Amino acid sequence: MADPARIPGTSGFRVPGVRFSEQGVNLLKENRVSQMRQDVPIDWNSLDDQTLAEALKRGDERALEALVRRHQGRVYAVAYRLTGNREDALDVTQESLLKAYRKIHAWQPTGGFLPWLLRLTANQAIDVVRKRKRRRQERLEEAYLPDSEHAPIEPAGHDTGVAVHAREIDERVRAALTVLSESQRTVFVLRHYEGLQLSDIAAELGCTVGSVKVHLFRALKKLQRELGDLHDVAH
């Protein structure tokens, strides 16, 4: 049963003494979004994510523009952290926003829009990292073929040993993220890249704090197994 004093999805609109059923609340929200599609001036930037996503579901692309303006910076930040370079991060950002548009009907209001969008971003970035890893492996295999004895060797860079080692660690961490399940990776990204509290992650994903803790614990255990040698070197 909805709050008798406030209609969810409205900007503080209250009806004292009136209790709305869930069906009534949903009808009011649908009517509200329907009104948005008419030629009525709307401050799209003032609407919350859920209202915008529901409007986008109904085909109003003005909602998409508002969502892109609001979240493209965070999408790029996650993409960059996971891919490690600007060019790939830009490609991942563009593809993730396009996927959000194409798959908006798969989004459910039980979970926040931003975690869903960042989940798409993380999956897209991991795909890029996997492809890059395969390409690197193919180049290594080609370099060690018997007929490649006289193949040119890439010149050494001018980076210091510390910088090279730091880059290698970053690359190892990104590669290790590919072993996580989608849920584990989403929780890990929201916690360690976005800095959200466990309770906030639970609210955004529409699950319990206990579930978030389980996903995070399993993610960290898997990463420990994948990166255990780095821990030994560091100590």
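## As for the packing of helix H8 (residues 198-205) against helix H9 (residues 209-226)
Remark: H8 packs on H9, axes separated minimally by 8 Å, with the N-to-C direction vectors making an angle of 105 degrees. When the axis of H8 is compared with that of H9, the two are roughly perpendicular. Residues Leu198, Ser199, Ile201 and Ala202 of H8 pack against Val209, Val212, Lys213 and Leu216 of H9. Of the residues in the contact of H8 with H9, the class split is 6 nonpolar, 1 polar and 1 charged.

## Focus on the environment of Arg218
Following the sequence through the fold, Arg218 ends up in helix H9. For the pair Arg218 and Leu180, spaced 38 residues apart in sequence, the C-alpha separation works out to 8.5 Å.

## Description of the packing of helix H7 (residues 182-193) against H8
Viewed as axis vectors pointing N to C, H7 and H8 meet at an angle of 135 degrees, and their least axial separation amounts to 10 Å. Taken together, the axis directions place H7 and H8 in an arrangement best described as oblique. For the element pair H7 and H8, the recorded crossing hand is right-handed. Taking contact as the criterion, the partners of Thr186, Val187, Leu190 and Arg191 in H7 are, on H8, Leu198, Ile201 and Leu205.

## Comments concerning the pattern of salt bridges
Applying the stated criterion across every chain yields a total of 6 salt bridges. Asp60 is the salt-bridge partner of Arg62, the closest N and O atoms lying 2.9 Å from each other. The class for Asp60 is buried, based on a relative accessible area of 8%. As a salt-bridge pair, Glu95 and Arg102 come within 3.4 Å of each other at their nearest N and O atoms. Since its relative accessible area comes to 54%, Arg102 is described here as exposed.

## Points about helix H3 (residues 61-83)
Between the first and last C-alpha of H3 there are merely 29 Å, a value that for 23 residues lags more than 12% behind the 33 Å anticipated at 1.5 Å per step. A bend of about 50 degrees at His71 is the largest found in H3. For H3, every residue scored as buried is listed here: Ala63, Leu64, Ala66, Leu67, His71, Val75, Val78, Ala79, Leu82 and Thr83.

## Quick notes on the confidence of the model for the protein
Per-residue pLDDT for the protein has a mean of 76; in total, 66% of the residues score no lower than 70. Within the protein, no element has a lower average pLDDT than helix H1 (residues 22-36), which sits at 54, and none a higher one than helix H4 (residues 86-102), at 95. Between residues 1-18, whose pLDDT stays under 50, and residues either more than four places distant or in other chains, the model counts 28 contacts. In the model, residues 143-156 has pLDDT below 50 throughout and makes 2 contacts with residues more than four positions away in sequence or in other chains.

## Brief notes about the packing of aromatic side chains
One pass over the structure, following the stated rule, counts 4 aromatic pairs. Measuring from ring centre to ring centre gives 6.4 Å for Trp107 and Phe113, while their planes differ by 70 degrees; the resulting arrangement is edge-to-face. A residue is classified by how much of its surface remains accessible, and Trp107, at 1% relative accessible area, is buried. Phe113 gets classed as buried once you look at its relative accessible area, which sits at 5%. Centroid distance Phe188 to Tyr193: 5.9 Å. Interplanar angle 75 degrees. Geometry classified as edge-to-face.

What counts, and at which threshold
- Residues numbered from 1 in each chain as written.
- Predicted model: local features only at pLDDT ≥ 70, side-chain atom pairs only at ≥ 80, totals over all residues.
- Heavy atoms only, no water.
- Axes fitted to C-alpha atoms, helices over the stretch in contact; angles between N-to-C directions.
- Helix = DSSP H or I, 4+ residues; strand = E, 2+ residues; numbered from the N terminus.
- Parallel < 35°, antiparallel > 145°, perpendicular 65-115°, else oblique.
- Contact = heavy atoms within 4.5 Å.
- Nonpolar A, V, L, I, M, F, W, Y, C, P; charged D, E, K, R; others polar.
- Left-handed = near helix turned anticlockwise from the far one by under 90°.
- Salt bridge = Lys/Arg side-chain N within 4 Å of Asp/Glu carboxyl O.
- Buried < 20%, exposed > 50% of the residue type's maximum accessible area, 1.4 Å probe, protein only.
- Expected span 1.5 Å × (residues − 1).
- Bend = angle between axes of the 7 residues up to and from the residue.
- pLDDT = per-residue confidence, 0-100.
- Phe/Tyr/Trp six-rings, centres within 6.5 Å; stacked < 30°, edge-to-face > 60°.

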